[in-house]
Amino acid sequence: MELLSGADMIARFLQDEGIEYIYGYPGGAALHIYDALFRQDKVKHILVRHEQAATHAADGYARASGKPGCVLVTSGPGATNAVTGIATAYMDSIPMVVLCGQVASHLIGEDAFQETDIVGVTRPIVKHSFSIRHPSEIPEVLKKAFYLASTGRPGPVVVDIPKDMTAPTERYEYIYPKKVKLRSYNPVTRGHTGQIKKAVEMMLKAKRPVFYTGGGVVTGKASEGLTDLVKQLGYPITTTLMGIGAYPQSDRQCLGWLGMHGSYESNMAMHHADLIIAIGARFDDRVTNSTSKFCPTAKIIHVDVDPSSISKTVRADVPIVGPASSVINEMISLVQGHKIAHPEALTEWWEKIDGWRADREGKLYEPSKAGEALKPQEVIEALCRVTRGEAYVTTDVGQHQMFAAQYYKFDKPNRLITSGGLGTMGFGFPAAMGIKQNYPDDDVVCVTGEGSFQMMMQELSTCKQYGVGVKIVNLNNASLGMVRQWQDLNYKSRHAHSYMESLPDFHMLIEAYGFTAITVNTLDELEPALERAFADKHELVFLDVKVDPFEHVYPMQVPLGAMRDMLLSKTERT
């Protein structure tokens, strides 16, 4: 029988669970745990410079690897600093376990130093939460936490750990629980066969079908099956922002991504479809625009592992509750050997789609001329060329995020790492840090803007300590670009607090941390600068790229309109 303190149980459990990295920041209530981590060498602790960065780094790690991220913070402000990152993971269904130190159990409710009811604070933004009541329950609670975080619809789980639960003087028997039982939690493992058959019948009879796939395909590791199914049927496919890469974007059948700033052809195809096959997508408002005008002629098949997502905002004609991978595999087996009922209608449908594509060819943006400021779109296209479309690309939130999603072509899942649901500025840099530690020999680039980067730029210090060689491409337009775009469109260009009037000299700032900075002003300088940045995979390089401050992101859906209602440029609309 092995007797361990609560703190040593935590360290041992993380080892037994196969956790490689834990991101955190120490403080009084978590010091017993930190001491236990110090006395072992299997689980690597990464000391961030802000707890929000710990959650984003664990989140990035989870999105790229498919394994749950892990965070350790202290009580009070340590825990509350992690709230934004917990909400970010919750909105995008990312598996994460956040261990929060807490004041000693006899002080809870006394407004003790650095006490916060973090279980109460995070209740709306976690999949579940636990509070440790006795040290002996630590292994079982942690096993439940990791199981809950990574099964069904994934999400963050908070474990609140009072300091006296980890005291080194109290020791209890440690047994690693290989299995876990949760009476009220039974995530579905396959869809209803009758519903899947009904869906396949509709799919084979459709005349204007469109696949609409989301982040659930990526987190559900169903990309390979999806590609096979779409190829067999020959139907067009569009993805959400979170689903980018689930189907190869370079393939002809892929219409790009849809919604607020999605491609013209994807939004038009969705609006005119007679059947929408939604898999692992939740009909988010950034996709549907006005739900009352959403895809008026379409029947809807909706596949989702979370039953509460189905018919939540848009009614499904054929609801299927189940994991994307098993449902898709069943669909493939049912489709095999069957022909689509209306091949001539599908040919006409593709002619219509190709017409929409041709309408916008060469009109997506106006390239910069000699001596003019770079267009942000040109930067992303050059980035894609230099990295051969194979990098892990994280973004912050704003215009640069949309340009990265529009102009970098992702042919693999888990490569675009971005905050979709919460839209968290500051996410991109620490997320890139978490990915690079897991994939040190791959190119990992954070596409950011000067507003977002300043929210988490202290993590340059973390990169310095651990030798994390991410690349940072700063699309510097000296403003909060997306805010300014909305002000141009809706507030007669009254730019209330959207211009950054006292920016640092990024070149000097980056060099102060001991890294390489390159400033890019013209198109001629761009590609050589990118080649230089990516020459050494293990060197952190910051590119400060001065871009056109007046450029807008298009297409852009007209608020409260249908999917086909879009602004196509500053002077055109559908």
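Only a predicted model underlies this, so the values are computations on that prediction, with no experimental measurement involved. (Residues numbered from 1 in each chain as written. Predicted model: local features only at pLDDT ≥ 70, side-chain atom pairs only at ≥ 80, totals over all residues. Heavy atoms only, no water.)

Looking now at the overall build of the protein chain. A count of helical and extended segments in the protein chain gives 22 helices and 22 strands. Its C-alpha atoms give the protein chain a radius of gyration of 25 Å, near enough to 25 Å, the size a compact globule of 574 residues would have. Along the first, second and third principal axes, the C-alpha atoms of the protein chain reach 75 × 60 × 40 Å. The buried share of the protein chain, reckoned over its 574 residues, is 59%. Across the protein chain, contacts joining residues at least 24 apart in sequence account for 76% of those joining residues at least 6 apart. Total accessible area on the protein chain stands at roughly 23,300 Å², and carbon and sulfur atoms take up 52% of it. Computed over 58 positive and 65 negative side-chain charges, the separation of the two mean positions in the protein chain equals 6 Å. (Helix = DSSP H or I, 4+ residues; strand = E, 2+ residues; numbered from the N terminus. Rg over C-alpha atoms; globule rule 2.2 N^0.38 Å. Buried < 20%, exposed > 50% of the residue type's maximum accessible area, 1.4 Å probe, protein only. Contact = heavy atoms within 4.5 Å. Areas by Shrake-Rupley, 256 points an atom, 1.4 Å probe, with all protein chains shown as cover. Lys, Arg positive; Asp, Glu negative; His and termini not counted. Charge placed at Lys NZ, Arg CZ, Asp CG, Glu CD.)

Moving on to the pairing of strand S15 (residues 392-395). Neither face of S15 is left uncovered, since the one carrying Tyr 392 and Thr 394 and the one carrying Val 393 and Thr 395 both have all their residues buried. Inspection of the sheet shows S15 paired to strand S17 (residues 444-448) by 4 bridges, in the parallel sense. Paired with Thr 394 across the strands is Cys 446, a residue of S17. As judged from the 2 bridges shared by S15 and strand S16 (residues 416-417), these two strands associate in the parallel manner. The residue bridging Thr 394 from the neighbouring strand is Ile 417, located in S16. (Pairing = 2+ DSSP bridges.)

Membership of the largest hydrophobic core comes to 59 residues, with the highest contact counts inside it found for Met 203, Phe 211, Leu 226, Ile 276 and Met 331. The residues touching Met 331, leaving out its near neighbours within four places in the chain, are Ile 196, Ala 199, Val 200, Met 203, Leu 229, Val 303 and Ile 320. Core analysis: the second largest hydrophobic core is formed by 51 residues, Ala 62, Ile 86, Phe 427 and Cys 446 among them. (Core = buried A, V, L, I, M, F, W, Y, C linked by side-chain atoms within 4.5 Å.)

Turning our eyes to something else, we now look at the UniProt feature "domain: Thiamine pyrophosphate enzyme central" (unreviewed entry) in the protein chain. UniProt records the feature "domain: Thiamine pyrophosphate enzyme central" (unreviewed entry) at residues 196-330, using the numbering of this structure. The straight-line gap between the two end C-alpha atoms of residues 196-330 is 7 Å; of that span, 34% is helix and 20% is strand. (UniProt positions renumbered as here; feature names shortened; annotations may be inferred.)

With that out of the way, let us pick up the pattern of salt bridges. Summed over the entire model, instances satisfying the criterion amount to 23 salt bridges. The partner of Glu 20 in a salt bridge is Lys 67, and the shortest N-O contact between them spans 2.8 Å. Taken as a pair, Glu 20 in the loop between helix H1 (6-16) and strand S2 (21-25) and Lys 67 in the loop between helix H3 (51-65) and strand S4 (69-73) lie far apart in primary sequence, 47 residues in all. Judged by its relative accessible area of 37%, Lys 67 is partly exposed. Residue Arg 484 is joined to Asp 488 by a salt bridge in which the shortest nitrogen-to-oxygen separation is 3.8 Å. (Salt bridge = Lys/Arg side-chain N within 4 Å of Asp/Glu carboxyl O.)

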